[in-house]
Amino acid sequence: MLDNCNAGTGAVKGTVYNDASPNPRRWSAARVQRWLGEHRRGKFAALQNDGFFKLCDGADVCRLSVNDMIQLCPDEEGRSRPKLVFAMKCLQELASACNIGELSCVPRSPM
């Protein structure tokens, strides 16, 4: 898997990232990693250095299924796979909320 981020410009995939957007589909890999550290007061902070999230931008994470993740991360069997899947599902729910215009997709400042 190639690094899709390319310094946050999206140049590798021909897209421009918008890390300020509330929709994670528009986020760079770096913004996804930052979200992992911020969401639910750092619930997924341990995944910030995970190779899977370093290589995937928000659009990549949002389009993956659980089966895709299992194929991409066969070595993550056991303790870390449930966290990877849960983090992926949380990002997908956030993206879904943004697509239907719910206010819940707007990022909130940490408490």
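Everything numeric here is computed off the predicted structure, so don't read it as measured data.

## Some thoughts on the overall build of the protein
Check the secondary structure of the protein and you find five helices and zero strands. Here the protein holds 111 residues, and the buried ones make up 40% of them. Nonlocal contacts in the protein, meaning residues at least 24 apart in sequence, comprise 55% of its contacts between residues at least 6 apart. For the protein, the accessible surface area stands at approximately 6,600 Å², while carbon and sulfur atoms represent 53% of it.

## Structural notes on the pattern of salt bridges
By the definition in use, this model includes three salt bridges. Between Arg 31 and Glu 38 there is a salt bridge; the shortest N-O distance is 3.4 Å. For Arg 31, a relative accessible area of 6% puts it in the buried group. The exposure class of Glu 38 is partly exposed, given its relative accessible area of 44%. Where Glu 38 meets Arg 34, a salt bridge forms, and the shortest distance between an N and an O atom there is 3.4 Å. With Glu 38 and Arg 34 both in helix α1 (residues 29–38) and four residues apart, this pair spans about one turn of that helix.

## Some details on the nonpolar core
Within the largest apolar cluster, 20 residues are counted, with the highest numbers of intra-cluster contacts made by Trp 35, Phe 52 and Phe 53. Beyond its immediate stretch of four places on either side in the chain, Phe 53 contacts Ala 29, Val 32, Gln 33, Leu 36, Leu 47, Val 61, Leu 84, Ala 87 and Met 88.

## With respect to the packing of aromatic side chains
Within the structure shown, the criterion is met by two aromatic pairs. Within the aromatic cluster, the residues linked to one another by ring pairs are Trp 35, Phe 44 and Phe 86. A cation sits over an aromatic face here: Arg 31 above Trp 27, 4.2 Å from the ring centre.

## Some remarks on unusual backbone geometry
Phi angles above zero are rare outside glycine, and Arg 40 is one such case at about 50°. Within the secondary structure layout, Arg 40 lies in the loop between α1 and α2 (51–55). One non-glycine residue, Arg 41, lies in positive phi territory at about 55°. Position of Arg 41 among the secondary structure elements: in the loop between α1 and α2. The exposure class assigned to Arg 41 is exposed, which follows from its relative accessible area of 68%.

## A closer look at α1
Where α1 is concerned, the buried positions are Ala 29, Arg 31, Val 32, Gln 33, Trp 35 and Leu 36. Phi turns positive one or two residues past the end of α1, at Arg 40, with a value near 50°.

## Concerning the confidence of the model for the protein
Fine structural detail should not be taken from predicted coordinates in areas where pLDDT scores are low. Residues of the protein with pLDDT of at least 70 account for 69%, and the chain-wide mean is 73. Per-element confidence in the protein is highest for α1, whose mean pLDDT is 90, and lowest for helix α4 (residues 66–72), whose mean pLDDT is 77. Counting contacts from residues 1–12, a segment whose pLDDT is below 50, to residues more than four positions away or on other chains yields 28 contacts.

Parameters and conventions
Residues numbered from 1 in each chain as written. Predicted model: local features only at pLDDT ≥ 70, side-chain atom pairs only at ≥ 80, totals over all residues. Heavy atoms only, no water. Helix = DSSP H or I, 4+ residues; strand = E, 2+ residues; numbered from the N terminus. Buried < 20%, exposed > 50% of the residue type's maximum accessible area, 1.4 Å probe, protein only. Contact = heavy atoms within 4.5 Å. Areas by Shrake-Rupley, 256 points an atom, 1.4 Å probe, with all protein chains shown as cover. Salt bridge = Lys/Arg side-chain N within 4 Å of Asp/Glu carboxyl O. Core = buried A, V, L, I, M, F, W, Y, C linked by side-chain atoms within 4.5 Å. Phe/Tyr/Trp six-rings, centres within 6.5 Å; stacked < 30°, edge-to-face > 60°. Lys NZ or Arg CZ within 6 Å of the ring centre and 35° of its normal. pLDDT = per-residue confidence, 0-100.

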